[in-house]
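This is what each chain is made of:
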Amino acid sequence: MSVKHTLTTCPYCGTGCNFFLQVVDGRVVDVVPCKTDETSRGGLCIKGYNAHAFVNHPDRLLHPMVREANQLTKATWDDALRRISSELNRIASEHGKDSIMILASAKCTNEENYLFQKLARAAIGTNNVDHCARLCHASTVAGLLQSFGSGAMTNTIPEFEDADCVLVTGSNTLEAHPLIGARILQAGDKGAKILVVDPRDTPLSRVATLTLRQESGTDVAWINGMINVIISEGMLDKEFIDTRTTGFEELKEIVKKYTPEKVEEITGIPKEDLVAAAKIYASGERAMIAYAMGITQHSNGTDLVRTLANLAMVTGNVGKESTGVNPLRGQCNVQGACDAGALPNLYPGYQSVEDAETKTMFEKAWGTKLSDKKGMTLTAAFNKALTGDVKAMLIFGENPMMSDPDIGHVEEAISKLEFMAVVDIFPTETAKLADVVLPAACYAEKDGTFTATDRAIRAVRKAVDPPGDARADWKIACDLGKMLGGAGFEFDTPGQVMAEMSAVAPIYGGIDYERIEKEMVRWPCPSKDHPGTKVLHADSFKIGRGVFAPIRHTPPAEETSEEFPFILTTGRNLFHFHTGTMTRRSAKLQREAAGPYVEINEKDARDLGIADDSSVKVSSRRGSITLSARVTPWIRPGTIFIPFHYAEAAANRLTNNALDPVAQIPEFKVCAANVQKG
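Note that the structure is a prediction, hence the values are computed from the model and not measured.

What counts, and at which threshold
- Residues numbered from 1 in each chain as written.
- Predicted model: local features only at pLDDT ≥ 70, side-chain atom pairs only at ≥ 80, totals over all residues.
- Heavy atoms only, no water.
- Helix = DSSP H or I, 4+ residues; strand = E, 2+ residues; numbered from the N terminus.
- Rg over C-alpha atoms; globule rule 2.2 N^0.38 Å.
- Buried < 20%, exposed > 50% of the residue type's maximum accessible area, 1.4 Å probe, protein only.
- Contact = heavy atoms within 4.5 Å.
- Areas by Shrake-Rupley, 256 points an atom, 1.4 Å probe, with all protein chains shown as cover.
- Lys, Arg positive; Asp, Glu negative; His and termini not counted.
- Charge placed at Lys NZ, Arg CZ, Asp CG, Glu CD.
- Core = buried A, V, L, I, M, F, W, Y, C linked by side-chain atoms within 4.5 Å.
- 1 Å grid on protein atoms, 1.4 Å probe; cavity = no way out; pocket = protein on both sides within 12 Å on 5 of 7 lines; lining within 4 Å.
- Points joined across faces, edges and corners; volume = space filled by probe spheres on them.
- Nonpolar A, V, L, I, M, F, W, Y, C, P; charged D, E, K, R; others polar.
- Phe/Tyr/Trp six-rings, centres within 6.5 Å; stacked < 30°, edge-to-face > 60°.
- Lys NZ or Arg CZ within 6 Å of the ring centre and 35° of its normal.
- Pairing = 2+ DSSP bridges.
- Axes fitted to C-alpha atoms, helices over the stretch in contact; angles between N-to-C directions.
- Domains from an automatic or database assignment.
- Buried area = accessible area lost by both parts, 1.4 Å probe.
- Salt bridge = Lys/Arg side-chain N within 4 Å of Asp/Glu carboxyl O.
- Polar contact = N/O pair within 3.5 Å; in protein donor to acceptor, adjacent residues only side chain to side chain.

(A) Highlighting the overall build of the chain. Of regular secondary structure, the chain possesses 24 helices and 30 strands. Radius of gyration (C-alpha) of the chain: 24 Å, near the 26 Å computed for a compact globule of 678 residues. Overall size of the chain, expressed as C-alpha extent along the three principal axes, is 70 × 60 × 55 Å. In the chain, which comprises 678 residues, the proportion classed as buried is 65%. Excluding contacts between residues fewer than 6 apart, the proportion of contacts in the chain whose partners are at least 24 apart in sequence is 73%. Total accessible area on the chain stands at roughly 23,000 Å², and carbon and sulfur atoms take up 48% of it. Within the chain, the 85 negative side-chain charges are centred at a point lying 1 Å from the centre of the 74 positive side-chain charges.

(B) Summary view of the nonpolar core. In this structure, Phe54, Leu88, Leu119, Phe396, Leu438 and Tyr443 are the most contacted members of the largest nonpolar core, which totals 101 residues. Per element, the largest residue contribution to this core is eight residues, and it comes from helix α3 (residues 110-124). Listed in part, the 51 residues of the second largest apolar core include Ile254, Ile266, Ala278 and Val318.

(C) Representation of the layout of surface pockets. Taken as a whole, the largest pocket encloses approximately 370 Å³ of empty space. If you go around the largest pocket, you meet 18 residues; those closest to its centre are Arg134, Ala142, Asn345, Lys374 and Val662. It is helix α5 (residues 138-147) that provides the largest number of residues to the lining of the largest pocket, a total of four residues. Split by residue class, the lining of the largest pocket holds eleven nonpolar, five polar and two charged.

(D) Quick peek at the packing of aromatic side chains. Under the definition given, this model contains 14 aromatic pairs. With a centroid separation of 6.4 Å and an interplanar angle of 80°, the aromatic rings of Phe240 and Phe541 are classed as edge-to-face. You can see Phe240 sitting in helix α9 (residues 238-244) and its partner Phe541 sitting in the loop between β21 (521-522) and β22 (546-547), a full 301 residues away along the chain. Residue Phe240 is classed as buried on the basis of its relative accessible area of 8%. Their ring planes at 80° and their centres at 6.2 Å tell us that Tyr347 and Trp366 sit as a pair that is edge-to-face. Within this pair, whereas Tyr347 is found in strand β14 (residues 346-347), its partner Trp366 is found in helix α16 (residues 356-366), the two being separated by 19 residues in sequence. Judged by relative accessible area, Tyr347 falls into the buried class, the value being 0%. Overall, Trp366 belongs to the buried group, its relative accessible area being 3%. Following the ring pairs from residue to residue traces out a cluster consisting of Tyr12, Phe19, Phe54, Phe426, Tyr443 and Phe577. Directly above the aromatic system of Phe641 lies the positively charged group of Arg200, at a separation of 3.6 Å from the ring centroid.

(E) Representation of the sheet that holds strand β6 (residues 100-103) within the structure. Strands sit in the order β5-β4-β18-β17-β16-β6-β7 across an open sheet of seven strands; the sheet is mixed. Taken across any chain shown, the strands that pair with only one partner, and hence form the sheet edges, are β5 (71-74) and β7 (129-130). Looking at chain direction, β6 and β7 are connected through two bridges and run parallel. Note that in β7 the partner of Leu103 across the bridge is Asp130. Of the strands in this sheet, β16 (392-396), β17 (419-424) and β18 (436-439) touch helix α20 (residues 473-483), which is tilted by about 150° from β16.

(F) Just the pairing of strand β27 (residues 639-643), in detail. Among the five residues in β27, five count as buried, and that is most of the element. Burial along β27 is two-sided: Thr639, Phe641 and Pro643 facing one way and Ile640 and Ile642 facing the other are all buried. Where strand β23 (residues 566-571) and β27 come together, five bridges link them in parallel fashion. Residue pairing across strands places Thr569 opposite Phe641, the latter belonging to β27. Looking at chain direction, strand β24 (residues 597-601) and β27 are connected through two bridges and run antiparallel. Within the sheet, the bridge partner assigned to Ile600 lies in β27 and is Ile640.

(G) Highlighting the sheet that holds strand β9 (residues 193-197). If you walk across this open sheet you meet the five strands as β10-β9-β8-β12-β13, and the pairing is parallel. Of all strands in the sheet, those with a lone pairing partner are β10 (210-212) and β13 (325-327), marking the two edges. On average, adjacent strands in this sheet sit at an angle of 15° to one another, irrespective of strand direction. Here strand β8 (residues 165-169) runs beside β9; their pairing, made up of five bridges, is parallel. Within the sheet, the bridge partner assigned to Cys165 lies in β9 and is Lys193. Those strands touched by helix α12 (residues 271-283) are β8, β9, β10 and β12 (287-291), and its axis lies near 125° from that of β10.

(H) Highlighting empty space enclosed by the protein. All told, the structure shown has five cavities of 30 Å³ or more when counted by the stated rule. Looking at the largest cavity, it is lined by 26 residues, and the ones nearest its centre are Gly170, Asp198, Gly294, Thr570 and Lys669. The residue makeup of the lining of the largest cavity, split by class, is seven nonpolar, 14 polar and five charged. Lining the lining of the largest cavity are residues from two domains, each supplying at least three of them: domain 3 (138-329) and domain 4 (566-677). Roughly 290 Å³ of volume is contained in the second largest cavity. Looking at the second largest cavity, it is lined by 25 residues, and the ones nearest its centre are Lys107, Gly397, Asp424, Ile425 and Met582. Taken together, the residues that form the lining of the second largest cavity break down as eleven nonpolar, nine polar and five charged.

(I) Region of the structure containing the domain arrangement of the chain. Examined at the domain level, the chain breaks down into domain 1 (3-49), domain 2 (65-135 + 332-451 + 464-510), domain 3 (138-329) and domain 4 (566-677). On a C-alpha basis, the centroid separation for the pair domain 3 and domain 4 is 26 Å. When domain 3 packs against domain 4, the two sides together hide about 2,100 Å² of surface, and 55% of this comes from carbon and sulfur. The largest per-residue losses of area from domain 3 upon contact with domain 4 belong to Arg200, Gln297 and Ser299, which jointly make up 30% of the total buried on that side. On inspection of domain 3 and its partner domain 4, the count reaches one salt bridge. Residue Glu599 pairs with Arg200 through a salt bridge whose shortest N-O separation is 2.9 Å. Across the domain 3-domain 4 interface, the total number found is eleven residue pairs in polar contact (both at pLDDT 80 or more).

As structure tokens, this is what we get:
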């Protein structure tokens, strides 16, 4: 019997935990924690402990498939790749290069995402490349770029332990990011004050110093209200404001209107609780803000991120250890996919495609002319497919038939495409509609890197060979790049890809494989002798001074009515990840959370005659699903919650595709709904 252990990085949330994959006779059989890992410290969450379970699942895609006579049939790699390249070339010739959309993936490596965006820009000739950050943290990138000049977590995961105040909002941290949640609990054990603002009572809120339960869609109001209290009580950091920021007087004028009484009227938060929370946060010498998609997934998500930046700056809680504004990224490489340029407006390293000097630099590096036209977002692409402006999509590792809002709208858009190809590890709901499906290697079957939510570049190492004829995504991207006539796709290893990426993206300038095997490095790291950066904005902001944004509260895009009296919000649970493609193929995780459910407050359930575990029908203006009721006191009356992991009752069949005007992120977190006995 042959046994080996390969150190790699978890494929689930963006925490970036390292562990060993145990391989017996060429098969991955178990996960073993890494006791020396700075992030996980020898522990894992329930998903991490089961990250081996899907690798050998019988549903794995093993061979390329091509649609013939409306049926997907087995094909050779040559035939499948030729079909993709010929269709994309035809569509580019007939309808223009901008009629093609490439979707990159936050579940693929940095190197692969670099190649996906290069495939779009250098081989096809369009900036139409995007990925699921558009659906989770696009508003983080947009908002923090505007406020601070850098769209990433300002501090690091270990620093949570040493904060004396942690404000958590829009994040069910102990379930979605359990090891980060554990650090917050340890801070509490050391005496830190923990503040939680969420319409649901979560495991963290039950042990918090103070919990505020706001009505969904009212976050600008309570954040402005906290700033109002801080200014009124004289608890602001005047020196920081005077020397390191701009726009404070405009902000001060706006927040005057958000008195505790006014905020209670808008949000339902008792005024005395708001005042107490503001004083706790402002009195902390080291106060950290942590947030996730409960903040970003709104039609005003960019504004919400900027108001959190306002709150941090007004108290001087930026640029020091255990402070800052810290978005908790939801997928293993959503940070890295953004870094690598899988965005329609930014080259690798957050360099604008509309900047002439930057464009010239990339043209020299890649040896081809590039478009200076900002590309199309993921959300816009499906709308443009309906109008006939987008004719083809090439999708790597994404499942928009589960992950995007208003699935009926997505399905109709896909039906209008002339061609769609999908590269994935399982036959997803989206892959089943494709014209060509290519089998990909999973994280255990390839080398590369992920970038964690705190900007740490983490190694992904091959433990076993891919099953059947499956190939790593980076090899597929290189093959397609060459077939489409693009130059610069002659890579033999992912390390060569990283070397090119570090040469064109200054924030990765000091990154190479030899280095990350030896040490934890966080970007920006501009050179080989640079130590990397733990705390952003320590001496100055990238844009010089931090920019206060005077933001007013506006209601969500869709409000309740007599027909749809509930507010539906969506999210994750402890046992499953994203669209369930991997975790729902783990027997242990399925046993713990086997099927779909809707959380409803016990008073609302009593009024409707709904019993716990009974069948109910939940409807919105876009559709209906049937699932089990979970009656609980842990959710605000008038609000219901559905996890979006379950294809048989997909929450996103109900959600609203209203978009944030800046980030183009959908409003997953608020839509009007109705609940009826099944």
